[in-house]
Amino acid sequence: MSFLSLTFASPLILLGLLALPLIWWLLRLTPPRPREEVFPPTRILEELGKREETPAQSPWWLTLLRLLMAAFVIFALSEPIWNAQDKGTASNGPLLLIVDDGWSTGNDWDERQTSALQIVREAENAGRPVALAFTSQGGQADLNAKRASEAEAALTAAEPKPVRVELTPLTERLQEGTGTDFSTSIWMASGIAASGSTELASALATLGAEETIYYAPSRNNTLALTTVANEPDAMKVTLERADTSVASSGQITAFDVQGRSLSSGPYNFENDSQTSEVRFSLPVELRNEVVRVGIDNSTSAGGVQLLDERFRRRRVGLIAGGNADQQQPLLSSLYYISRALAPFSEVRQAQDPNVVVSVPQLIEERVSTLVLADIGTLPDDVRKQMEGWVEGGGMLVRFAGPRLAGAENDTLVPVKLRRGGRSLGGTLTWGTPQPLASFEESSPFSGIPVPADVAVSRQVLAEPDIDLADKTWASLADGTPLVTAARRGQGWIVLFHVTADAVWSNLPLSGSFVDMLRRIVAVSNGSVAADRARNNATGERAEVSGAQDTVLPPLRTLDGFGRLGPPDNDTRPLKVSGQELPSSSIENPPGLYGTNDAFVALNLFSQAANLQVFDTSLLPENTVQRIYTAAKPVTLKPWLLGAALLMLALDCLAVLWMAGALRRAARPVAAAGVLALAFAVTVPDTARAQDKAIDIENTLRTRIAYVKTGIRDLDEVSRKGLTGLTQFIGSRTSLEPGTPIGVDIASDELAFYPLLYWPLSDQSPVPDAAAMARVDAFMKKGGSVLFDTRDQLSGGFGSSRVSGATQRLRQILSSLDIPPLEPVPNNHVLTRAFYLLDVFPGRFLDGRLWVETSVTDESDASRPARQGDGVSSILITSNDLAGAWAVEASGAPTLPIVPPNPRQRVYAYRAGVNIIMYTLTGNYKSDQVHVPALLERLGQ
Amino acid sequence: MALTVGTVTEHEKGTGVLARARARAALIPDLLVDAQRIANTMVSGWHGRRRRGIGDTFWQFRPYDVGESMARIDWRRSARDDAIYVRDQEWEAAHTVWIWADNSPSMLYKSETAEVSKQSRSLVLALALAEVLAKSGERVGWPGVTGALSNRNAAERISAELIATDGGTDSSSPQLEQIRNRSELVVFSDFLDPLEDTLKWVDQAAQQGIHGTLVQIIDPAEERFPFAGRTEFRDPETGAKLTFGRAETLSADYLNLFAARRETLADTCKSLGWNHIVHHTDTLASTALVALHVRLAGEGKGTS
């Protein structure tokens, strides 16, 4: 008996529910007879004169609780099971189980495996032989019925394969006959319509089994990344899905070669839309780093696209001879090239028509391809530079034109050119404009359709040479070369024997021109890599053509769950012929082929896949349809009994409470509970609140901070010193700093403090790298750190002797990005920020204060104060400033001055004021010192 | 049927009780009844009172005071010294103590936390006291049952008489006619009778010049009221029944009232100069006996 997903093993016990009214009546009985107690002081009770009767009925909620308890027990005894799987097979003969294990089954493989295992185990229990076939095995599938335990082992070990499954071979095998009389045939389908799905279903149905069962996922949420295109402004990733009925969304992520996530973008399928797009708007350099794009949380090979050099965007530099006519762009010689190249590469046009400037500039911009449209002789040094660039791997594409045709001794051409040009179809010529001949197999242009309407009316001619044919990538119908190329070192020089505009031919107007340019750009750097891969594979130096078959070893392959890993043993090397990669197969699963530094990426999909959900109405009529069950059956009995027990406990508590037993005990317990709860809730909060309070206070009051070194005496002196300085500043200036605070540089937020006082001693611990990174960030964001080595007596900073504290300072500073330092010059803002000072004494007199070197100009020398832009992020002294500032609570100084000159202490305070004012106001004060000069200039 | 808190026990009879009483009494040192109050009823006895007075035993030497009889000078001692010493004897005297224990049905009550019934405990205490006093040479009597006995086996004879008279009188208060003034009266009872009745006879006794000690035997159930839920209370004396739906609600009021009664009794005793001792049947009998000892010996009041 079952309804919804609930099944009862012993439904008859549910009749017990009929007893509930009886229980209700019993529960409503009047309370039990009173206890009879002999009690001598009954007379005293009489004096109380009170009589109270309990209510005749127990309260309604108690009755309800007990009724519910009874009902739960009854339900529990009827052994309800949630999601019970009573979908066994009915017949008893051999069982044929066909399991789809194509790429689309990766996402819900566990459910499929569970369902299949359940069927196989049932068969095992029933002693039925099982024939297990995976669709990826195609015609090699083993259709002989074996012991179910063998099938179970095979099924447990099975994993989805990253292939698009062809069902036809298996269908043919079935149609040939299996030799076994199967009584049950089951197809655990992927749910995606593949070629031959319907045929396989009908082949199964005609197998003559007693029952034919078709399993499909309840909801087909198969998703695939079909194409990745590196467009000018963004990388566009196209997703496709099979089930278009509902809207869905998610996220895809791009990874670099190390597996680091570079960027994520959300995708969103509208209702009824089959495709969706995600655009990664990243800088080109970053986009070129992407080697893998994957759907988040997808465990299917279809959810991954691997990228190789072909997906990189190449930077192409364009230089044109002559004046680019901006008024009439269509006449500009670069117009067609830039239009043709822009969709798949990044085009950089020379800013300066002067090649002396523009060529180095473009090379500096790391273009991989340089297009020179009708540029004749280059200046010698530019030519040399360009030769070097080409030798180093550059791709130089030149277009002919009047200047090139007239140039002499041009070495940057693939073939020797005849001077002048050839004109066809002119008034004075015999020949007619020539069309293109079809591209040679060995040419990188092979496969591009030859446009019939292209006619070349003028060209430059190559000198006939022995290797001219080898260097020819494209030629005219009469055999004269149209495009020639030659290798120079690592790079290439390609020459179009026509102009880049439509004057000499209408080639630039045709679609083939775009394809040709694209191939050429692909041959540049990136393809050099792929080419190298081939070279490595074939062991010989292949021509760029790539025409011959090359074999690439598998490098890393995708498994059925979309994970990139080492290739399986049975993965075959990828055989590449021509420009296009073969489609992936079971022998060549999607993955990377080649070597680590030069590989090609083979993807499951390289174009729109047109995923469709298999239409189950196409199934033969007698086929039973089922869905994979994700949920395991849940026996509800223990839960119900547990709930009943809980209610029993509640009942007991309620009865105890009504009897008053809890009253005495409950109060402290409840109070303790509330207290504990309150404690638990508030403890973390107080810490946070405290933090927050400090932050808020810090934002409201400027305060000076010192670094807690962990040495108690040192910290105490720092605190007292900054307190003394704070008092001094408060009484002498309009600044009233808050109470100084000690900070832990490893954990406290430093952003609030303009100045960190950092005393050092030879015992000072050197903070770890993370803490130093924080200090570095603090300094770079405009904070200042005042290091005090306090060792003037024993040498001091900047002297030849090195004390322990100075050594510590060196260790600390070694991990910081420290600009060059200098002792405070006489005209530094520090000497004038508040008081006019020439020394910065602390407890000791002679140490100098070191600051960042400010940029000096000769013109600065005469100025009263330096044009210090910003504040020195680091100040170093050895005078023990805090020691001189330190005061006790009574106001008396803590430490003596060396030498004992009270005036020196005042100067120390003044130095402190100047340092604080300097860190707070910066160069504002340096402007202030100009006031006399300004007033003088104003004539006052 | 739930277990009841308290039960009514059988009457404890003399012999067994006497044995227990002797066991308790053995633990108590000789009881020296406060002499201050008994000067007039003093009959020459043989036990010392730890102070100088008329007796045979040597007590102390003390310097001779002018005007004292020369006969009292102890020349032997004086000869050893320049001073003249007088030899003092220890005062030896006996005292009459009347002991009475309540025998009403309410005394038969015993709750589950108590070890014995109140009657049992009070009889043990009474006989133990009698044993102790008799051993100390005091005259002991049970009003209405025996006269004042000065034998050392007074306790035995009292218990025999109690058995003979079936526990003595059933009255709720001791018969005071027999008792001469300035005697000591020790009453063991739960004092659950109406307070006015109790106060009435206490007052009368005090007017007779009797010095009394009231030992209030309380069952722990009576003072803690451990009842909850629907309970029917029955008075063992009158048989009256009283039913309460939720006995626990009475608890606070009852305990107040009970404590008030106890306080009234204690206050009355205090104003009369009597002793009031509270004893619970869940504690050891010896504790009550020690308390009695302390009070009767006057140690509690600091007299010497």
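Residues numbered from 1 in each chain as written. Chains lettered and ligands numbered in written order. Predicted model: local features only at pLDDT ≥ 70, side-chain atom pairs only at ≥ 80, totals over all residues. Heavy atoms only, no water.

Chemist: Residues and numbers for the overall build of chain B, please.
Modeler: When its secondary structure is counted, chain B shows eight helices and 12 strands. The buried share among the 304 residues of chain B stands at 50%. Across chain B, contacts joining residues at least 24 apart in sequence account for 74% of those joining residues at least 6 apart. As displayed, chain B offers around 13700 Å² of accessible surface, 49% of which is attributable to carbon and sulfur atoms. (Helix = DSSP H or I, 4+ residues; strand = E, 2+ residues; numbered from the N terminus. Buried < 20%, exposed > 50% of the residue type's maximum accessible area, 1.4 Å probe, protein only. Contact = heavy atoms within 4.5 Å. Areas by Shrake-Rupley, 256 points an atom, 1.4 Å probe, with all protein chains shown as cover.)

Chemist: Quick rundown of the overall build of chain A? Include the residues and the values.
Modeler: Secondary structure summary: chain A contains 24 helices and 39 strands in total. When the accessible surface of chain A is totalled, it reaches about 45700 Å², and 53% of it is carbon and sulfur.

Chemist: Can you lay out the interface of chain B and chain A for me, pointing to particular residues and giving the numbers?
Modeler: Interfaces are often described in size by the accessible area the parts lose on coming together. Contacts between chain B and chain A engage 41 residues on the former and 24 residues on the latter. In this assembly, chain B packs against chain A so that about 3300 Å² is buried in total across both faces, 59% of it on carbon and sulfur atoms. Per-residue buried area on chain B facing chain A is highest for B:Arg230, B:Leu242 and B:Arg246; these three make up 19% of the total on that side. Between the two partners, chain B and chain A, sit two salt bridges. Put simply, B:Asp235 and A:Arg43 hold a salt bridge, and the shortest N to O gap is 3.4 Å. When contributions to the side of chain B that touches chain A are tallied by element, the ones reaching two or more residues are strand S1 (6-8), helix H6 (220-224), strand S10 (231-234), strand S11 (241-244) and helix H7 (251-272) of chain B. A per-element tally of the side of chain B that touches chain A places H7(B) first, with five residues. (Buried area = accessible area lost by both parts, 1.4 Å probe. Salt bridge = Lys/Arg side-chain N within 4 Å of Asp/Glu carboxyl O.)

Chemist: Pulling in residues and values, what's your account of the sheet that holds strand S16 (residues 314-320) of chain A?
Modeler: Residue and element names in this part refer to chain A. Within the open sheet, the seven strands sit side by side as S17-S16-S18-S19-S24-S23-S22. Their pairing is mixed. In this open sheet, the two edge strands, each paired with only one partner strand, are strand S17 (345-349) and strand S22 (472-475). Sheet twist, expressed as the average angle between the axes of neighbouring strands with direction ignored, equals 15°. As defined by bridge partners, strand S23 (residues 481-488) adjoins strand S24 (residues 491-496) across six bridges and the pair is classed as antiparallel. If you follow Arg-488 over to S24, its bridge partner there is Gly-491. (Pairing = 2+ DSSP bridges. Axes fitted to C-alpha atoms, helices over the stretch in contact; angles between N-to-C directions.)

Chemist: Which residues make up the nonpolar core, and what values do they have?
Modeler: In this structure, B:Ile99, B:Leu129, B:Trp142, B:Phe188, B:Leu214 and B:Leu292 are the most contacted members of the largest nonpolar core, which totals 50 residues. Of the residues forming this core, the biggest block, 10 residues, is contributed by helix H3 (residues 118-135) of chain B. Setting aside residues no more than four positions away along its own chain, B:Leu292 makes contact with B:Leu129, B:Val186, B:Phe188, B:Thr213, B:Val215 and B:Ile277. Judged by nonpolar contacts, the second largest core, of 45 residues, contains A:Leu318, A:Ala340, A:Trp492 and A:Leu507. (Core = buried A, V, L, I, M, F, W, Y, C linked by side-chain atoms within 4.5 Å.)

Chemist: Break down helix H5 (residues 148-157) of chain A for me, citing the residues and quoting the values.
Modeler: All names here are of chain A. Within the span of H5, buried status applies to Ala-148, Ala-151, Glu-152 and Leu-155. Buried residues of H5 fall within an arc of 105° about the axis and therefore sit on the same side. Where H5 is buried, its residues touch strand S5 (95-99), helix H4 (109-126) and strand S6 (130-134). (Arc of directions from axis to C-beta.)

Chemist: Please provide a residue-by-residue account of the pairing of strand S8 (residues 211-216) of chain A, values included.
Modeler: All names here are of chain A. With six of six residues buried, S8 lies mostly within the body of the structure. The side-chain alternation of S8 yields two buried faces, one formed by Glu-211, Ile-213 and Tyr-215 and the other by Thr-212, Tyr-214 and Ala-216. Inspection of the sheet shows strand S7 (residues 184-188) paired to S8 by five bridges, in the parallel sense. Within S8, the position partnered with Thr-184 by the bridge is Glu-211. As for the winding sense of the linkage, the β-α-β connection from S7 through helix H7 (residues 197-205) to S8 is right-handed. Strand direction decides the pairing type here: S8 and strand S31 (residues 623-627), joined by five bridges, are parallel. Each residue of the ladder has a partner; that of Thr-212, found in S31, is Thr-623. (Right-handed = clockwise from strand over helix to strand, strands pointing away.)

Chemist: Give me the lowdown on the packing of aromatic side chains, citing residues and values where you can.
Modeler: What the rule picks out here adds up to 27 aromatic pairs over all chains. With 5.5 Å between their ring centres and 55° between their planes, A:Phe39 and B:Tyr254 make a pair best called tilted. Separated into two different chains, A:Phe39 in the loop between strand S3 (35-38) and helix H2 (42-48) and B:Tyr254 in helix H7 make up a pair that spans both. The exposure class of B:Tyr254 is buried, given its relative accessible area of 0%. Taken together, a centroid distance of 5.0 Å and an interplanar angle of 70° make the contact between A:Phe834 and A:Tyr835 edge-to-face. (Phe/Tyr/Trp six-rings, centres within 6.5 Å; stacked < 30°, edge-to-face > 60°.)

Chemist: Help me get a handle on a negative patch on the surface, residues and values and all.
Modeler: On the surface, A:Glu46, A:Glu47, B:Glu196 and B:Asp197 cluster together to form a negatively charged patch. Every element with two or more residues in the negative patch is listed here: H2 of chain A together with helix H5 (195-207) of chain B. With respect to the element layout, A:Glu46 can be found in helix H2. Overall, the relative accessible area of 39% leaves A:Glu46 in the partly exposed class. (Patch = residues over 30% accessible without salt bridge, like charges linked within 9 Å, V, L, I, M, F, W, Y side chains within 5 Å. Lys, Arg positive; Asp, Glu negative; His and termini not counted. Charge placed at Lys NZ, Arg CZ, Asp CG, Glu CD.)

Chemist: For the sheet that holds strand S12 (residues 275-280) of chain B, give the residues involved together with the corresponding values.
Modeler: Adjacent strands of a sheet pair through backbone hydrogen bonds, lying either parallel or antiparallel. Residue and element names in this part refer to chain B. In space, the five strands of this open sheet follow the order S7-S5-S8-S9-S12, with parallel pairing throughout. At either end of the open sheet lies a strand with only one pairing partner, and these are strand S7 (139-141) and S12. Mean inter-strand twist for the sheet, computed between neighbouring axes without regard to direction, equals 20°. When strand S5 (residues 96-101) meets strand S8 (residues 184-189), the two strands line up parallel, connected through five bridges. Looking at the pairing, Trp-98 lines up with Leu-185 of S8. Across the sheet, H3 touches S5, S7, S8, strand S9 (211-218) and S12, and the angle it forms with S5 is around 165°.

Chemist: Can you lay out the packing of H3(B) against helix H4 (residues 154-164) of chain B for me, pointing to particular residues and giving the numbers?
Modeler: All names here are of chain B. The geometry of H3 relative to H4 is characterised by a closest axis approach of 7 Å and an angle of 145° between their N-to-C directions. Residues Leu-123, Leu-127, Ala-130, Glu-131 and Ala-134 of H3 touch H4, and the partners they reach there are Ala-154, Ala-155, Ile-158, Ser-159 and Leu-162. Looking at the contact of H3 with H4 residue by residue, the class counts come to eight nonpolar, one polar and one charged. (Nonpolar A, V, L, I, M, F, W, Y, C, P; charged D, E, K, R; others polar.)

Chemist: Which residues make up the pairing of S7(A), and what values do they have?
Modeler: All names here are of chain A. A large share of S7 lies buried, amounting to five of its five residues. Relative to S7, S5 runs parallel, the two sharing five bridges. Pairing of Val-99 across the sheet is with Met-188, part of S7.

Chemist: Give a detailed account of the pattern of salt bridges, specifying residues and quantitative values.
Modeler: As a working rule, side chains carrying opposite charge can pair if their charged atoms are close by. On inspection of all chains with the given rule, the structure shows 28 salt bridges over all chains. The partner of A:Asp559 in a salt bridge is A:Arg563, with the nearest N and O atoms 2.9 Å apart. Its relative accessible area of 46% is what places A:Arg563 among the partly exposed residues. Close ionic contact of B:Arg62 with B:Asp88 constitutes a salt bridge, the shortest N to O distance being 3.0 Å. In this pair, B:Arg62 sits in strand S3 (residues 58-63) while B:Asp88 sits in strand S4 (residues 85-94), placing the two residues 26 residues apart along the sequence. Assigned by exposure class, B:Arg62 and B:Asp88 land together as buried.

Chemist: I'd like a rundown of the packing of helix H1 (residues 20-27) of chain A against helix H3 (residues 60-77) of chain A, residues and numbers included.
Modeler: All names here are of chain A. Where H1 contacts H3, the axes come no closer than 10 Å and their chain directions differ by 145°. In the packing of H1 onto H3, the handedness of the crossing is right-handed. Touching Leu-20, Ile-23, Trp-24 and Leu-27 of H1 are Thr-63, Arg-66, Leu-67, Ala-70 and Ala-71, all from H3. A per-class count over the contact of H1 with H3 returns seven nonpolar, one polar and one charged. (Left-handed = near helix turned anticlockwise from the far one by under 90°.)

Chemist: Residue-level account of the side chain of A:Arg241, with values.
Modeler: Residue and element names in this part refer to chain A. Within the secondary structure, Arg-241 sits in strand S10 (residues 235-241). Of the polar contacts made by the side chain of Arg-241, one reaches the side chain of Ser-248; its length is 3.5 Å. A polar atom in the side chain of Arg-241 sits 2.7 Å from the backbone oxygen of Glu-270. (Polar contact = N/O pair within 3.5 Å; in protein donor to acceptor, adjacent residues only side chain to side chain.)

Chemist: Residues and numbers for a nonpolar patch on the surface, please.
Modeler: Residues and elements named next belong to chain A. On the surface, a cluster of nonpolar side chains totalling about 580 Å² of accessible area is made up of Trp-60, Trp-61, Leu-64, Leu-68 and Trp-657. A total of four residues in the nonpolar patch trace back to one element, the largest contributor, which is H3. Among the structural elements, Trp-60 can be located in helix H3.

Chemist: Run through the confidence of the model for chain A, naming residues and quoting values.
Modeler: The predicted structure's coordinates, where accompanied by low pLDDT, should not be read in detail. All names here are of chain A. Across chain A, pLDDT averages 79, with 84% of residues at or above 70. When pLDDT is averaged over each element of chain A, strand S33 (residues 705-707) comes out on top at 91 and strand S1 (residues 2-3) at the bottom at 46. Across residues 526-533, where pLDDT falls below 50, the model places 16 contacts with residues more than four positions away in sequence or in other chains. Contacts for the low-pLDDT stretch residues 678-686, under 50 throughout, to residues beyond four places or in other chains number zero contacts. (pLDDT = per-residue confidence, 0-100.)

Chemist: Tell me about H7(A), residues and numbers included.
Modeler: Looking at H7(A), one finds that the buried residues are A:Ser197, A:Leu200, A:Ala201, A:Ala203, A:Leu204 and A:Ala205. Elements in contact with the buried residues of H7(A): S5, helix H6 (168-176), S7 and S8 of chain A.

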